[in-house]
Amino acid sequence: MIDRYSRQKQFKPIGDAGQKKISEKHVLMVGCGALGSANAEMLVRAGIGKLTIIDRDYVEYSNLQRQTLFTEQDCLDQIPKAVAAKNRLHAINSMVKIDAYVMDATSESLFPLLDNVDLIMDATDNFDIRLTLNDLTHKSNIPLIMGSCVGSMGMSYTILPNETPCLQCLLDITPAMNATCDSVGIISPAVQMVAAHQTTEALKLFVEDTEALRTKLVTFDLWNNQYHMINVARAKKDTCPTCGNEPSYPHLNYEFQTKSEVLCGRNTVQIRSNRAYEIETLAGRLQTVGPVKTNPYLVSVEYKGYRIVFFRDGRALIHGTNSKEIAKTIYYQLVG
Ligand SMILES: [Zn+2]
């Protein structure tokens, strides 16, 4: 019988026993853009048992340079990234169970997805949600592998609840992790490098080779040929609100989250409401105000020089402005 994992099993630290463990693991991928594409593809090819993907966005042309799961057709059809990724990943390895959610990642939406999850993979582009993941990971005692990249730089760090310092503890010593804005651009090798670190740590965790785990925070700048391993072991604080002796998990407070937010570097504002949209009905109504495109997941309309996209879960993206006020005005003109 042809064994698709033969090369991976020949690798001594994995072997047959490790492959069996890998096949039983369930990963929650938070975000499915560049880092999500790269990590998800490697994990699915490696033969994990289950992958749950959550992403709020749909595929655009500016993604294709580095988001390796997507195609031009996905852009033309405005397919949500979670759905496009699921389709592509299923074609790569149909043995892996894949669940896709087109949703904003918030503490509220993520909690129900944590059942039987062995690992949370950070593939977001948003610092606030990283802090939420940091709280979730500690409250639910699930490891979290962080990754971020910008320009030609990247960083990765593995958080083990009750063992390593958490993201909150590291804030003082790693201000670079605050650089979440994509306005300086990014080259795809930086993405692949971060994902290589993340997926490798994931494989070590899956086969329980804990001694091999990196423990240090890794940062690099591929363009400027710089690599650093930062020992952060002493950063853990007893008073930390997330991993300290009396945790309060401040970023799991629902009121902490905003209703509208400017998406950094994208000239886009997201508005979140409590009402779910009936896509078909909305598409019919919007046809009276401008050209409409629709698919089973979203409807978009061109209106007054802006492009407004409504998702089933109650979110709207207003492309063409960085002003929340303008975005809200446009939004209310369309859906009152
Ligand atoms: Zn901490």
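Not measured: the values here are computed from a predicted model. (Residues numbered from 1 in each chain as written. Predicted model: local features only at pLDDT ≥ 70, side-chain atom pairs only at ≥ 80, totals over all residues. Heavy atoms only, no water.)

### Some remarks on the coordination of the zinc ion
Item 1. Surrounding the zinc ion are the protein donor atoms Cys166 (SG), Cys169 (SG), Cys240 (SG) and Cys243 (SG), which sit 2.2 to 2.3 Å from the metal.
Item 2. Classification of the site at the zinc ion as tetrahedral follows from its four donor atoms and the range of 98 to 123 degrees in their angles at the metal.
Item 3. Sequence positions of the donors to the zinc ion reduce to the motif C-x2-C-x70-C-x2-C. Note that Cys169 is positioned in helix H8 (residues 167–170) and Cys243 in the loop between strand E8 (226–230) and strand E9 (260–263), a separation of 74 residues in sequence. (Donors = N, O, S within 2.8 Å, 3.2 Å for Na, K, Ca; no water. Tetrahedral: all angles 85-135°; square planar, octahedral: opposite > 155°, others 65-115°. Helix = DSSP H or I, 4+ residues; strand = E, 2+ residues; numbered from the N terminus.)

### Points about the nonpolar core
Item 1. Counting residues in hydrophobic clusters, the biggest one holds 51 residues, and the most contacted among them are Leu51, Ile53, Leu89 and Phe206.
Item 2. Put simply, the parts of the chain that give this core at least two residues each are strand E1 (26–30), helix H3 (34–46), strand E2 (50–55), helix H5 (81–92), strand E3 (97–102), strand E4 (119–122), helix H9 (188–206) and strand E13 (306–311).
Item 3. Sorting elements by how many residues they give to this core places H9 first, with eight residues.
Item 4. Those residues within four positions of Leu89 in sequence are excluded, and the remaining contacts are Ala40, Glu41, Val44, Leu51, Ile53, Leu69 and Ile98.
Item 5. Of all hydrophobic cores here, the second largest spans 27 residues; its members include Ala105, Leu113, Ile159 and Val232. (Core = buried A, V, L, I, M, F, W, Y, C linked by side-chain atoms within 4.5 Å. Buried < 20%, exposed > 50% of the residue type's maximum accessible area, 1.4 Å probe, protein only. Contact = heavy atoms within 4.5 Å.)

### Comments concerning the packing of aromatic side chains
Item 1. Counted according to the given criterion, the structure contains four aromatic pairs.
Item 2. Seen in terms of ring centroids, Tyr277 and Phe310 are 5.2 Å apart; in terms of plane orientation they differ by 80 degrees. Their pairing is edge-to-face. One end of the pair, Tyr277, is in the loop between strand E10 (268–272) and helix H10 (279–286); the other, Phe310, is in strand E13, with 33 residues separating them in the sequence.
Item 3. Judged by relative accessible area, which is 0%, Phe310 ranks as buried.
Item 4. Feature note: the residues Tyr277, Phe310, Tyr331 and Tyr332 constitute an aromatic cluster, connected by ring pairs.
Item 5. Against the face of Phe311 rests Arg315, its NZ or CZ located 4.2 Å from the ring centre. (Phe/Tyr/Trp six-rings, centres within 6.5 Å; stacked < 30°, edge-to-face > 60°. Lys NZ or Arg CZ within 6 Å of the ring centre and 35° of its normal.)

### Concerning the sheet that holds E10
Strand pairing in a sheet relies on backbone hydrogen bonds, with the paired strands running either antiparallel or parallel.
Item 1. Read from one edge of the open sheet, six strands run E9-E10-E14-E13-E12-E11, paired in antiparallel fashion. In the strand order of this sheet, the two ends are held by E9 and strand E11 (292–295), each with one partner. Strand-to-strand twist of the sheet, defined as the mean angle between neighbouring strand axes without regard to direction, takes the value 15 degrees.
Item 2. Sheet contacts for H10: E11, strand E12 (298–303) and E13; angle to E12, the most-contacted strand, approximately 15 degrees.
Item 3. The strands touched by helix H11 (residues 324–335) are E9, E10, E12, E13 and strand E14 (315–319); relative to E13, the strand with the most contacts, the crossing angle is about 65 degrees. (Pairing = 2+ DSSP bridges. Axes fitted to C-alpha atoms, helices over the stretch in contact; angles between N-to-C directions.)

### Here we look at the pattern of salt bridges
Item 1. Enumeration according to the criterion identifies 19 salt bridges in this entry.
Item 2. Between Arg312 and Glu280 there is a salt bridge, with the nearest N and O atoms lying 3.3 Å from each other. Of the two residues, Arg312 is situated in the loop between E13 and E14 and Glu280 in helix H10; the sequence distance between them amounts to 32 residues.
Item 3. You can call Arg312 partly exposed: its relative accessible area is 34%. (Salt bridge = Lys/Arg side-chain N within 4 Å of Asp/Glu carboxyl O.)

### Some thoughts on the sheet that holds E8
Item 1. Across the sheet, which stays open at both edges, the eight strands sit in the order E3-E2-E1-E4-E5-E6-E7-E8 with mixed pairing between neighbours. In the strand order of this sheet, the two ends are held by E3 and E8, each with one partner. Between one strand axis and the next, the sheet turns through 15 degrees on average, direction left out of account.
Item 2. Note: strand E5 (residues 144–150) against strand E6 (residues 153–159), seven bridges, orientation antiparallel.

### Some thoughts on the packing of H3 against H9
What describes two packed helices is the angle between their axes and the distance between those same axes.
Item 1. Running from N to C, H3 and H9 cross one another at 40 degrees; their axes reach a closest spacing of 9 Å. Our classification of the angle between H3 and H9 gives oblique. Of the two elements, H3 crosses H9, and the hand of that crossing is right-handed. Between H3, through Ala34, Leu35, Ala38, Asn39, Met42, Leu43 and Ala46, and H9, the contact on the second element is made entirely by Val191, Gln192, Val194, Ala195, Ala196, Gln198, Thr199, Ala202, Leu203 and Phe206.
Item 2. Residue composition of the contact of H3 with H9, grouped by class: 13 nonpolar, four polar and no charged. (Parallel < 35°, antiparallel > 145°, perpendicular 65-115°, else oblique. Left-handed = near helix turned anticlockwise from the far one by under 90°. Nonpolar A, V, L, I, M, F, W, Y, C, P; charged D, E, K, R; others polar.)

### Quick notes on the side chain of Ser156
Item 1. You can see Ser156 is positioned in strand E6.
Item 2. Relative accessible area serves as the criterion here: at 1%, Ser156 is assigned to the buried category.
Item 3. Among the polar contacts made by the side chain of Ser156, one reaches the main-chain carbonyl oxygen of Met146 at a distance of 2.8 Å.
Item 4. Apart from the residues lying within four places of it in its own chain, the contact partners of Ser156 are Ile145, Met146, Gly147, His197, Gln198, Arg214, Lys216, Leu217 and Val218. (Polar contact = N/O pair within 3.5 Å; in protein donor to acceptor, adjacent residues only side chain to side chain.)

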